[in-house]
Amino acid sequence: MNRTSPGRTIIPAIMLIPVLVWTSQAIGAPITFNTALPVAKGEFVAREQLVVNRSGDDPSSADRDRTEVAAVTALGYGLTGQWALFSVLPYRDIDLDLTSTGQRVTRSNNGFGDLSLFARYTAYQHDQPGRTVRVAPFAGVKAPTGKDDARDSLGILPASVQVGSGSWDYFGGVVLTYQTLQYQFDGQLSYRVNNEAKGFEAGDVARLDGSYQHRLWRSGAQGVPDYLYGVIEVNLIHQDRNRLNGSEDPNSGGTQVFLTPGIQYVTKRWILEGAVQVPIVQNLNGTALENDYIVRAGVRFNF
Amino acid sequence: MKRYLIVPLLLLWSLAALAAGTQYVMRVDGLACPYCAYGIEKKLKQIEGVENIDVDLDKGLVTVNVREGVELTEPQMDQLFKDAGFTYRSMTKHTL
């Protein structure tokens with residue numbers, strides 16, 4: 001199948017990245033993935049993040065340009081001091097510009113995407129004055145709550161423009177956090193199993209993430225001051241090839257590395273943050289669509 | 001005249017002293033960010049009689065003032081900080 005056809009077509013490798021990232025963004029200091037820091041028993045934390053994800057540099061004649069703007073809402077709940085539950089729901093607005101039969105066309109779609117639910121358990125915790133080390137495995141499921149058969153005047157939209165995948169997918173991993181009053185390091189290893197829906201199966205995704213946050217400034221207040229952190233993150237992401245009706249798509253999947261500088265302002269009740277994910281390695285298969293950048297801006301709050 | 005003023009003032013002072021509360025200063029490990037401190041404050045505020053809470057991140061100390069007659073116990077604080085995701089170490093108690 002030609003990826004520029006109006007029917008269901010292959011997903012650019014890059015479009016799966018934000019989906020995976022969203023499922024692990026709920027609380028804590030890293031901007032592009034999770035942390036092992038606690039959610040107090042019986043308490044809620046929330047996060048709202050605006051994500052602008054732009055892809056282009058299409059090596060194929062379709063000359064695709066894809067832009068997605070998503071508002072991602074995440075909610076965390078402390079079941080106990082060790083167990084926390086999270087839910088993540090994106091609202092997605094997607095535009096895909098491409099050349100089809102000699103004409104430039106735009107395929108667009110918007111709506112709520114797939115809901116992710118996951119649990120995290122603090123398996124190791126070593127606390128000292130002003131510092132902590134924690135290791136927390138997590139596992140979850142992505143339910144196909146988003147519409148995956150939207151159409152426009154040209155017919156059914158390609159998978160890269162659908163807001164839902166149509167499949168039940170599973171993911172898990174482990175996150176490590178080392179936090180002091182001056183700096184924080186987080187590392188995460190995760191894997192996502194993507195399943196088939198309507199003949200299409202996105203490739204599984206493995207990723208390794210690292211985040212270093214350094215305190216640049218603190219308010220003069222005694223007790224619980226405000227902190228300003230400079231953030232640098234690295235995301236190594238590998239995706240297997242997609243499968244269409246049982247056959248591997250040679251123009252999908254591959255390996256990418258993102259370097260993500262960011263900034264965070266942290267108070268007792270809320271956190272303001274922003275970051276730009278810049279691809280520094282894109283070793284993708286065939287004509288898989290490369291990513292230009294991902295911009296993230298968000299707020300988290302305790303309530 | 002002065003004598004008439006001093007007597008009620010002394011009486012008021014002694015009543016205030018009798019109604020004095022207690023200050024608990026607790027050492028809590030693992031506290032390293034402002035955002036995490038809020039969960040502790042919320043948990044402590046749920047205790048009847050807690051009047052003031054001060055978290056000092058730099059020193060890893062949580063200071064709680066309670067009104068007279070209210071007592072915080074070690075097992076209670078151990079569980080409270082465990083539920084908040086931190087490690088309670090010790091406390092000292094002072095009458096206000």
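Residues numbered from 1 in each chain as written. Chains lettered and ligands numbered in written order. Predicted model: local features only at pLDDT ≥ 70, side-chain atom pairs only at ≥ 80, totals over all residues.

Caption draft 1: Structural view of the overall build of chain A. Counting secondary structure elements, chain A contains one helix and 20 strands. If one aligns the C-alpha atoms of chain A with their principal axes, the spans along those axes are about 65 × 30 × 30 Å. Split into buried and exposed, the 303 residues of chain A put 48% on the buried side. Partitioning the intrachain contacts of chain A with sequence separation of at least 6 by distance along the chain shows that 63% fall at a separation of at least 24. (Helix = DSSP H or I, 4+ residues; strand = E, 2+ residues; numbered from the N terminus. Buried ≥ 20, exposed ≤ 12 C-beta atoms within 10 Å, placed from the backbone. Contact = placed C-beta atoms within 7 Å.)

Caption draft 2: View of the overall build of chain B. Each helix and strand in chain B was counted, giving three helices and four strands. Walking chain B from its N terminus toward its C terminus, one meets helices and strands in the order α-β-α-β-β-α-β. Across the 96 residues in chain B, those meeting the buried criterion constitute 32%. For chain B, long-range pairs separated by at least 24 residues make up 65% of all intrachain contacts whose partners lie at least 6 apart in sequence.

Caption draft 3: Examining the interface of chain A and chain B more closely. In this complex, chain A contributes 28 residues to the contact, which on the side of chain B involves 25 residues. Taken together, the elements giving at least two residues each to the side of chain A that touches chain B come down to strand S6 (124-128), strand S7 (131-143) and strand S10 (169-180) of chain A.

Caption draft 4: Structural context of the nonpolar core. In terms of nonpolar packing, the biggest core is built from 48 residues, with Val28, Leu31, Ala37, Ile40 and Phe81 of chain B touching the most fellow members. A total of six residues in this core trace back to one element, the largest contributor, which is helix H2 (residues 34-45) of chain B. Leave out the neighbours within four places in its chain, and leucine 31 of chain B touches Gly130 of chain A together with Cys36, Ala37, Leu57, Gly60 and Phe86 of chain B. Among the nonpolar cores identified, the runner-up in size contains six residues, and Leu98, Leu157, Val161 and Val163 of chain A belong to it. (Core = buried A, V, L, I, M, F, W, Y, C linked by C-beta atoms within 7 Å.)

Caption draft 5: Structural view of the sheet that holds strand S12 (residues 196-197) of chain A. Residues and elements named next belong to chain A. The strand order across the open sheet formed by four strands is S12-S13-S16-S17, and the pairing between neighbours is antiparallel. A strand with exactly one partner marks an edge of an open sheet, and here the two such strands are S12 and strand S17 (247-248). Of the pairings in the sheet, the one linking S12 to strand S13 (residues 200-201) comprises two bridges and is antiparallel in character. Pairing of alanine 197 across the sheet is with phenylalanine 200, part of S13. (Pairing = 2+ DSSP bridges.)

Caption draft 6: Looking closely at the environment of glutamate 48 of chain B. All names here are of chain B. Relative to the elements of secondary structure, glutamate 48 occurs in the loop between H2 and strand S2 (50-56). You can call glutamate 48 exposed: it has 7 C-beta atoms within 10 Å. Considering only alpha carbons, one finds glutamate 48 and phenylalanine 86, 38 residues apart in sequence, at a separation of 22 Å.

Caption draft 7: Broad picture of the pairing of strand S3 (residues 61-66) of chain B. Residue and element names in this part refer to chain B. The alternating pattern of S3 places Val62, Val64 and Val66 on a buried face and Leu61, Thr63 and Asn65 on a face that is not buried. Bridge count between strand S1 (residues 22-29) and S3: six bridges; the pairing is antiparallel. Paired with glutamine 23 across the two strands is asparagine 65, which belongs to S3. Pairing between S2 and S3: six bridges, direction antiparallel. The residue of S3 that forms the bridge with asparagine 52 is asparagine 65.

Caption draft 8: Geometry of unusual backbone geometry. All names here are of chain A. If you check the backbone angles, aspartate 57 has positive phi at about 50 degrees while not being a glycine. The topology assignment puts aspartate 57 in the loop between strand S1 (44-56) and strand S2 (65-78). A positive phi angle is found at threonine 101, which is not glycine, with a value near 45 degrees. For threonine 101, a count of 7 C-beta atoms within 10 Å corresponds to the exposed category.

This is a description of form; function is not addressed.
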